[in-house]
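Residues per chain are reported as follows:
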Amino acid sequence: MDLPLLFKAAILGVIEGLTEFLPVSSTGHLIIFGDLLDYTDDQSKVFKIVIQLAAILAVCWDYRQRITTVLGGLRTDPLARRFTGHLIVAFLPAAVLGLMFYKIIKGYLFNPLTVAGALIAGGLLILYIERRAYHPRLNTVEDMSWKDALKVGFAQSLAMFPGVSRSGATIMGGLMLGLSRKAATEFSFFLAIPTMLAATVYDVYKNWALLSGMNSDGYLVFAIGFVASFLAAMVAVKAFIHYVSNNSFAPFAWYRIVFGIVVLVSWQAGWVSWHDA
């Protein structure tokens, strides 16, 4: 049993759970910290996708009553059908574009330097959006139209570039469309469910040979990361929902900018030998 590897799995699981729903890019953090921990082989790439599913399951648990109500009302409740339809519409852009550019994204963009650049650019964009006059016209997700959902879906597709942040793209996109902070955040959380489930299933399918060839120690690594991600996400979701209702996202923007600059400076100064740099 490789205890150092199990420790790395636990660390990355916690990082994933804490960052998945914050506008700071969980994928970007996993790439950077995975590089620092020297966990960058083919197995690690699948691991980083699978533990994202654990964070999504934490949202499903936290919103289990709402999800059960929506699923139970699909045949009789127009609002439930409308909400589900909006999620499907918002999911489609990322699904189609993800299938088209999967190989390019995985082959060329999953490295710390591209992530650092995206973190900085995304942080600057968040600051710009936050400084605009903010007059929400949609206070709940039920107030959205299918066109609003589609636009949020295209915003989400920007997060295919590692470091952009899926939650950041959808929440900021929602704010620009006129959603309230809470509505934009809740829709982002719900949209994460089909998006990350599809991404995980597709990645597992593409890497089935690697997964089926793992030994019991390999599965233990995945299990530890999965549990750590789930537990950390449970804490992060509740804290984030409480925060977003009345607070600016600017602190997350400044964090992104500083973190991205640190990565680039460490590369330029030769302090860290980043992979693919």
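Residues numbered from 1 in each chain as written. Predicted model: local features only at pLDDT ≥ 70, side-chain atom pairs only at ≥ 80, totals over all residues. Heavy atoms only, no water.

### Concerning helix α11 (residues 216-244)
Rules: Counting from the N terminus, the helices are DSSP H or I runs at least four residues long and the strands are E runs at least two residues long. The length a helix should cover is 1.5 Å for every residue beyond the first. Nitrogen and oxygen atoms within 3.5 Å of one another constitute a polar contact, given that in protein one can donate a hydrogen and the other can accept it, and given that sequence-neighbouring residues count only through two side-chain atoms.
Under the 1.5 Å per step criterion, the end-to-end length of α11 is 41 Å for 29 residues, consistent within 8% with the ideal 42 Å. Looking at where α11 begins, the residue whose side-chain oxygen comes 3.1 Å from the main-chain nitrogen of Asp-217 is Asn-215.

### Topic: the pattern of salt bridges
Which entries qualify depends on this criterion: When a carboxyl oxygen of Asp or Glu lies within 4 Å of a side-chain nitrogen of Lys or Arg, that pair is called a salt bridge. Per-residue accessibility, obtained with a 1.4 Å probe over protein chains only, is compared with the maximum for each type, and a residue is labelled buried under 20%, exposed over 50%, and partly exposed between these values.
Here the structure, examined in full by the defined rule, presents four salt bridges. With a closest N to O distance of 4.0 Å, Glu-20 and Arg-166 form a salt bridge. In this pair, Glu-20 is assigned in the loop between α1 (3-19) and α2 (26-36) and Arg-166 in helix α8 (residues 166-177), connecting sequence segments 146 residues apart. Looking at Arg-166, the relative accessible area reads 10%, which means it is buried. Here Asp-148 ties to Arg-137 by a salt bridge, and the two come within 3.0 Å at their closest N and O atoms. Of this pair, Asp-148 sits in helix α7 (residues 146-157) while Arg-137 sits in the loop between α6 (112-130) and α7; the two residues are eleven residues apart in sequence, bridging distant segments of the chain.

### Describing the environment of Gly-72
In this structure, Gly-72 sits in helix α4 (residues 64-72). Residue Gly-72 is classed as exposed on the basis of its relative accessible area, which comes to 61%. For the pair Gly-72 and Phe-83, spaced eleven residues apart in sequence, the C-alpha separation works out to 13 Å.

### Here we look at the layout of surface pockets
In this approach, a probe sized like a water molecule rolls over the atoms, and the result shows the empty space that is left. Cut-off, in case you're wondering: Put plainly, a pocket is an open set of points on a 1 Å grid over the protein atoms alone with protein on both sides within 12 Å along at least five of seven lines, a cavity is a set where a 1.4 Å probe fits but cannot get out, and a lining residue has an atom within 4 Å of a point. Grid points are joined across faces, edges and corners, and a volume is the space filled by probe spheres set on the points. Put simply, Ala, Val, Leu, Ile, Met, Phe, Trp, Tyr, Cys and Pro go in the nonpolar bin, Asp, Glu, Lys and Arg in the charged bin, and everything else, Gly too, in the polar bin.
By volume, the largest pocket amounts to about 670 Å³. Around the largest pocket, the lining is made up of 33 residues, and of these Ala-159, Met-160, Thr-195, Met-196 and Ala-199 lie nearest the centre. For the lining of the largest pocket, the secondary structure elements donating two or more residues are α2, α3 (42-62), α5 (78-109), α8 and α9 (181-206). When residues in the lining of the largest pocket are grouped by element, the largest group, eight residues, is from α5. Taken together, the residues of the lining of the largest pocket sort by class into 18 nonpolar, eleven polar and four charged.

### Details of the packing of α9 against α11
This is how the line gets drawn: In this analysis, axes come from line fits to C-alpha atoms, helices being fitted only over the stretch in contact, and the angle between any two N-to-C directions falls in the range 0 to 180 degrees. Should an angle fall under 35 degrees it is taken as roughly parallel, and over 145 as roughly antiparallel, whereas 65 to 115 is taken as roughly perpendicular and any remaining angle as oblique. The criterion used for residue contact is that any of the two residues' heavy atoms lie within 4.5 Å.
Where α9 meets α11, the axes come as close as 9 Å, and the angle between the chain directions of the two elements is 155 degrees. Compared by their axis directions, α9 and α11 come out roughly antiparallel. Of the residues in α11, those in contact with Arg-181, Thr-185, Glu-186 and Phe-189 of α9 are Val-237, Phe-240, Ile-241 and Val-244. Across the contact of α9 with α11, the residue classes break down as five nonpolar, one polar and two charged.

### Regarding the UniProt feature "transmembrane region" (unreviewed entry) in the protein chain
Quick reminder of the rule: UniProt positions are given in the numbering used here, feature names are shortened, and annotations may be inferred rather than shown by experiment.
Taken from the UniProt record, the annotation "transmembrane region" (unreviewed entry) applies to residues 83-102, 108-129, 187-205, 220-241 and 253-274. Taken end to end, residues 83-102 is 100% helix and 0% strand, and its first and last C-alpha atoms sit 28 Å apart. Taken end to end, residues 253-274 is 73% helix and 0% strand, and its first and last C-alpha atoms sit 23 Å apart.

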